[in-house]
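A look at the structure
In case you want the letters, here they are:
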Amino acid sequence: VEGLPVYSSDDVAKHCNESTGVWISYKSGVYDITPFIKIHPGGNKILLGAGGSVEPFWSLYAIHQQPGTLALMEKYRIGNLTKGEEHLAMANMHDPYANEPRRHPVLVVKTKKPFNAETPSSLLVESFITPTDIFYVRHHFPVPDVDLSSGNYSLEVIGLDEKHSLNLNLDQLKTAYAPHSVTAALQCSGNRRSEMNRVKPTKGLEWGQGAIGNAVWKGARLRDVLLAAGIKDSDENENWHVQFDGLDADPTNAPYAISIPLTKAMDPRGDVILAYEMNGEPLTRDHGFPLRVVVPGTTGARWVKWLTRIEVSKNESESHWQQCDYKSFNPSTDWDKVDFSTAPAIQEMPVTSVVCEPHDGEKVKLKKDKLNLRGFAWSGGGRGIVRVDVSIDLGKTWHVAELLDPVKLSKQWAWTRWQANLPVQTTGQETEIWVRAVDSSYNTQPEGMEHLWNMRGVLAVAYHKIKVLVEE
Ligand code: MTE
Ligand code: MO
């Protein structure tokens, strides 16, 4: 670093767009990141930091606190910042995370700002319904704080024809539309990413197996609200979408926004609801108070929290999250080659299963010469789990696990817990456990994460494999 040219924060500030070139500072370094802009995993959000210090944005998008980010940056280093000017760009920043809710200490925190945390998997298998306080949390931004008594909260609903637009407060939504309850699992597209990262690093939060939970959601049917907004069943077109905006927004004021197909929204069997209750209580702030979308069978990213706007449109959302995230690619596609427009957004999720107990690396004792295993399985699209298979000899022989929760073949939105008691002949040895589930379409999981690997680390649904030491 010694010997590089010295630049002032004013010099950096002059390079703030693509025509001047984009410079940023980080601590005492000055970087020309112009060539990096088009391959930045977070899209053009990187321009927010142009001409100044990136530190505030790095703490806003905590994903950058991964090892490797700095090393990647060093390639673009062109000089040093004038001594003493390191904090100039940040002098007036206030902490957007000053007003976060309290969280249960049992949650395993992945990032604090934004807050992202998962449920320990040994707790997941304890109950069919995951208690709200220990349910995983996935935020992109600070948590909005809605005060219903201020009268400022409303839900705007825009149909295809503006004449029928609705503007509802929470009471109107609760009284005008019959409440409907749905028991459904919510799972992040990135659940189990850490297993995929063992093949090769991906970009995303380092989730274990706990970015999933199962809850009872209550609210108005989206179908009923859309009918009131003038949408007819005959309007249905495979390509049309329903867009949702949250109250949370990025530093350019673009709200978290996502869309789902209109066919799913209008399907009376689709059970999409605008939920104001989770597990019998009003939603908590972390889970979207006062209103969130529940899209059973569909990936978590579409379940927009702090919902404030719905719009039916002839195309899907143009947002970064719809277009340039939550998509999967061929294992040989990397960030320098990827064209996000070539892949559809993830909607329904594939089948997955997890061993929750014992956990990877645990020393276990046999009960009556048997090894007791417990876990969960789930599939998207309303496909119920019909079988869970377990092997302790690398797939030479398989045992059928017992399903602990009732399963339907269709419209099965909830997960299913399972258990198995396997005879183990030898003790004092490391034993590898494999589990895979089969859903009602007879879809099952691929064996290895290596064949599923994708640069974003989504849909990590290979067999769950763990090793335990069976004690005497
Ligand atoms: N909605 C808004 N408005 N903002 C968000 O950051 N995160 C999404 C989704 N809805 C998100 C959102 C993602 S990626 C997931 S996995 C789920 O919310 C997580 O929901 P939970 O925090 O209630 O578990
Ligand atoms: Mo997610």
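Residues numbered from 1 in each chain as written. Chains lettered and ligands numbered in written order. Predicted model: local features only at pLDDT ≥ 70, side-chain atom pairs only at ≥ 80, totals over all residues. Heavy atoms only, no water.

**Some points on the pattern of salt bridges**
Enumeration according to the criterion identifies 24 salt bridges in this entry. Between E74 and R77 there is a salt bridge, with its nearest N and O atoms 3.5 Å apart. On the accessibility criterion, R77 (17% relative accessible area) is buried. Close ionic contact of R309 with E156 constitutes a salt bridge, the shortest N to O distance being 3.5 Å. Of the two residues, R309 sits in strand β18 (residues 307-313) while E156 sits in strand β9 (residues 155-158), which places them 153 residues apart along the sequence. Given the relative accessible area of 32%, E156 is considered partly exposed. (Salt bridge = Lys/Arg side-chain N within 4 Å of Asp/Glu carboxyl O. Buried < 20%, exposed > 50% of the residue type's maximum accessible area, 1.4 Å probe, protein only. Helix = DSSP H or I, 4+ residues; strand = E, 2+ residues; numbered from the N terminus.)

**Side note on the site of ligand 1**
Around ligand 1 sit 21 residues, and of these H140, D248, H287, R292 and K305 come closest. Here an oxygen atom of ligand 1 and a backbone polar atom of Y136 are 2.7 Å apart. Contact distances for ligand 1 include 3.0 Å between an oxygen atom and a backbone N or O atom of R138. Look at ligand 1: alone it shows 530 Å² of surface, and the protein chains cover 100% of it. Among the cavities detected, the one that contains ligand 1 is the largest cavity. Looking at the shell around ligand 1, the elements that each hand over two or more residues are β8 (137-138) and β13 (241-249). Split into classes, the residues belonging to the shell around ligand 1 amount to 11 nonpolar, 5 polar and 5 charged. (Near = heavy atom within 4 Å. Polar contact = N/O pair within 3.5 Å; in protein donor to acceptor, adjacent residues only side chain to side chain. Areas by Shrake-Rupley, 256 points an atom, 1.4 Å probe, with all protein chains shown as cover. 1 Å grid on protein atoms, 1.4 Å probe; cavity = no way out; pocket = protein on both sides within 12 Å on 5 of 7 lines; lining within 4 Å. Sits in = over half its atoms within 2 Å of the grid points. Nonpolar A, V, L, I, M, F, W, Y, C, P; charged D, E, K, R; others polar.)

**A look at the pairing of strand β3 (residues 21-26)**
Of all 6 residues in β3, 6 are buried; the element is thus mostly enclosed. Of the two faces of β3, both are covered, the one formed by G21, W23 and S25 as well as the one formed by V22, I24 and Y26. The pairing of strand β2 (residues 16-17) with β3 spans 2 bridges and is antiparallel. Each residue of the ladder has a partner; that of C16, found in β3, is V22. The sheet contact formed by β3 and strand β4 (residues 29-32) spans 4 bridges and is antiparallel. Across the sheet, Y26 pairs through a bridge with G29, a residue of β4. Adjacent in sequence and paired antiparallel, β3 and β4 are bridged by 2 residues, among which K27 carries a positive phi angle near 50°. (Pairing = 2+ DSSP bridges.)

**Overview of the sheet that holds strand β19 (residues 352-357)**
One open sheet accounts for 4 strands, arranged β19-β21-β25-β24; its pairing is antiparallel. Each edge of the open sheet carries a strand with a single partner, namely β19 and β24 (402-403). Looking at chain direction, β19 and strand β21 (residues 370-378) are connected through 5 bridges and run antiparallel. Of the residues in β21, the one forming a bridge with T352 is W378.

**Structural notes on the packing of aromatic side chains**
Going through the model one piece at a time under the given rule, you end up with 14 aromatic pairs. Consider the rings of F141 and W321, whose centres lie 5.8 Å apart with planes at 90°: the pair is edge-to-face. Of the two residues, F141 sits in the loop between β8 and β9 while W321 sits in helix α9 (residues 320-323), which places them 180 residues apart along the sequence. W321 matches F141 in its accessibility class, with the two residues each being buried. Taking the centre distance of 6.5 Å and the plane angle of 50° together, the rings of W398 and W434 count as tilted. Pair noted here: W398 is in the loop between β22 (385-391) and β23 (399-400) and W434 is in strand β26 (residues 429-439), with a separation of 36 residues, a long-range link. What links up through ring pairs into an aromatic cluster is the set F135, Y136, W207, W217 and W303. (Phe/Tyr/Trp six-rings, centres within 6.5 Å; stacked < 30°, edge-to-face > 60°.)

These values are about where atoms sit, not about what they do.
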